[in-house]
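Chains, contacts and geometry: an overview
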Amino acid sequence: MKKVMLSLFGAMLAAGMLAGCGNVDENKTPAQVKEEAATWDAAKIEKVMKEYRDVIDAKKVELSKVNDQLSEIPLKEKSGEKAGKLRDQAKQLLASIAKLETLHATLGAVKATK
């Protein structure tokens, strides 16, 4: 139970970090990010890229913790509800990281044109 609560706290912390970064929005498309960044100077793009990197790094730390919890589950319990929830959480984190990495790369491409 303690580990599940820790996982939930970590998810809330990452969500809070994501909400705290005004320019980081994983729900934007690369085209939207490219269009928005086209109006920024290189310094602003660099700042926003750092915000994306910070959120990505936080999510990777959280993913590592979830994977550690999964590895601690005994083999006979791997198909149980707790393991299923952790696997779902890991899938969500991986999808989020992939989206953020794509948007970060989009910003990098815009920056290279400045």
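Worth saying up front: this structure is predicted, and the values here are computed from it rather than measured.

Regarding the side chain of Lys 59
Residue placement: Lys 59 occurs in helix α3 (residues 42-72). Given the relative accessible area of 9%, Lys 59 is considered buried. Not counting the four nearest positions on each side in its chain, Lys 59 is found in contact with Glu 26, Leu 93, Ser 96, Ile 97 and Leu 100.

A few points about the packing of α3 against helix α4 (residues 81-112)
Axis separation between α3 and α4 bottoms out at 9 Å; the angle between their running directions is 160°. When the axes of α3 and α4 are compared, the pair comes out roughly antiparallel. As for how α3 packs across α4, the hand of that crossing is left-handed. A breakdown of the residues in the contact of α3 with α4 according to their chemical character gives 19 nonpolar, 6 polar and 8 charged.

Criteria and thresholds
Residues numbered from 1 in each chain as written. Predicted model: local features only at pLDDT ≥ 70, side-chain atom pairs only at ≥ 80, totals over all residues. Heavy atoms only, no water. Helix = DSSP H or I, 4+ residues; strand = E, 2+ residues; numbered from the N terminus. Buried < 20%, exposed > 50% of the residue type's maximum accessible area, 1.4 Å probe, protein only. Contact = heavy atoms within 4.5 Å. Axes fitted to C-alpha atoms, helices over the stretch in contact; angles between N-to-C directions. Parallel < 35°, antiparallel > 145°, perpendicular 65-115°, else oblique. Left-handed = near helix turned anticlockwise from the far one by under 90°. Nonpolar A, V, L, I, M, F, W, Y, C, P; charged D, E, K, R; others polar.

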